[in-house]
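Examination of the molecular architecture
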Amino acid sequence: MKIQNQKRKQKPRTKPDSTVLSQTVARAIAILRAFNRDKTELGVTDLSAQLGLSKTIVFRLAQTLMKYDLLERDAGSARYRIGFGAFEIGLLFRKAALDREAEPHMRALVEKTGLTSQLAVFHRHQMVIVASEEATAPLRYSVAVGETRALHSSAVGKAALSTFDDARVAAILAESGMPKRTPNTITSLRKLRTDLRQVRQRGYPVNWQENTVGVASVAAPIPSRQLTAPAVISLAFPVSHV
């Protein structure tokens, strides 16, 4: 019997191989990710203490990031902040296929309802707003691109969770937690599972002041086999609007 050797097709990797990662690149990325809404400017000493790296290493990496406009340095305070180059790279994500496809639907929702529409994606156990169409009403709820929402207390979060089974939901929330954000926040996994069953039945979740007092929202997951993580479109509005 003749046996033919066939090359096995290798599946494309969806996760990085930790054995071939670059320590230098990882450290540079850690510096960039050290900045957030509460820490918009950081000095070498701050970054060194936060990341556990020597000041010399932090300084050299920061200087390299400055060369490529990923960081800027304030001449007066000598502290660093995120540079324009990082902003330009971020814009490329916003113009991804999902954003382009969702935009006309979001605009139509705003025109029909007068409410703010958001596009959010599931990332690192939270929802990240990647696009927003502002409401036309004088009294409206504004949402900035880049803001995040908790999974258990937001309409976009519940819409994403509704696409997972109960075991996956429990595992995700075990890591992210279920902190109480308002008097209406669901902090019990058992109650949230009941809520998610209702969401799956009717096709959308309702958030009534569970994440922010005075703000409500509805959302629906975007059905797609092409997405590697749940994406959601929502409408947010002040409760006084109803």
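Please refer to the structure higher up on the page.
Note that the coordinates shown come from a computational prediction; the quantities given were computed from them, not determined experimentally. (Residues numbered from 1 in each chain as written. Predicted model: local features only at pLDDT ≥ 70, side-chain atom pairs only at ≥ 80, totals over all residues. Heavy atoms only, no water.)

Points about the packing of helix α7 (residues 166-176) against helix α8 (residues 189-202)
For clarity, the cut-off: In this analysis an axis means a line fitted to C-alpha atoms, helices contributing only their contacting stretch, and an angle means the value between N-to-C directions, from 0 to 180 degrees. Put simply, DSSP marks the helices as runs of H or I at least four residues long and the strands as runs of E at least two long, and each gets a number from the N terminus on. Geometric relationships in this document are graded by angle, where less than 35 degrees denotes roughly parallel, more than 145 denotes roughly antiparallel, 65 to 115 denotes roughly perpendicular, and other angles denote oblique. By convention the crossing between two helices is left-handed if the near helix lies anticlockwise of the far one by an angle smaller than a right angle, and right-handed if it lies clockwise. Note on definitions: a residue-residue contact is assigned when non-hydrogen atoms from the two residues lie within 4.5 Å. Note that Gly is not counted as nonpolar here; it falls among the polar residues with everything else outside the nonpolar set of Ala, Val, Leu, Ile, Met, Phe, Trp, Tyr, Cys and Pro and the charged set of Asp, Glu, Lys and Arg.
Contact pair α7 / α8: the axes reach a minimum separation of 11 Å and the direction vectors enclose 135 degrees. The pairing of α7 with α8 is recorded here as oblique in orientation. The chirality of how α7 crosses α8 is right-handed. Seen from α7, the contacting residues are Asp166, Val169, Ala170 and Leu173; seen from α8, they are Leu189, Leu192, Arg193, Leu196, Arg197 and Arg200. Along the lines of polarity and charge, the residues of the contact of α7 with α8 split into six nonpolar, no polar and four charged.

Notes on the sheet that holds strand β4 (residues 126-133)
Counted only if it meets this: Strands are treated as partners if at least two bridges between them are detected by DSSP.
Pairing is antiparallel across the open sheet formed by six strands, whose spatial order is β5-β4-β3-β8-β7-β6. Only two strands of the sheet have a single neighbouring strand rather than two, namely β5 (148-149) and β6 (206-208). By the bridge criterion, three bridges tie β6 to strand β7 (residues 215-221) in an arrangement that is antiparallel. If you follow Trp208 over to β7, its bridge partner there is Ala216.

Focus on the packing of aromatic side chains
Just so we agree on the cut-off: Two rings from Phe, Tyr or Trp (for Trp, the six-membered ring) form a pair when their centres are within 6.5 Å of each other. A pair whose planes differ by under 30 degrees is stacked, one over 60 is edge-to-face, and the rest are tilted. Here, over-ring charges are defined by two tests on the NZ atom of lysine or the CZ atom of arginine: distance to the ring centre within 6 Å, and angle to the ring normal within 35 degrees.
Within the structure shown, the criterion is met by one aromatic pair. Here Arg168 stacks its cationic end above the ring of Phe164, 4.3 Å away from the centre of that ring.

Focus: helix α2 (residues 44-51)
Short version of the rule: Whether a residue is buried, partly exposed or exposed follows from its accessible area with a 1.4 Å probe, protein chains only, as a fraction of its type maximum: under 20%, in between, or over 50%, in that order. In this description, the arc belongs to the directions extending from the helix axis to the C-beta atoms.
All of the buried residues in α2 are Val44, Leu47 and Ser48. Seen from one end, α2 has its buried residues packed into an arc of 100 degrees, which puts them on one side. Buried residues along α2 sit in contact with α1 (23-33), α3 (55-67) and β2 (80-82). Gly52 sits one or two positions beyond α2 and adopts a positive phi of about 70 degrees.

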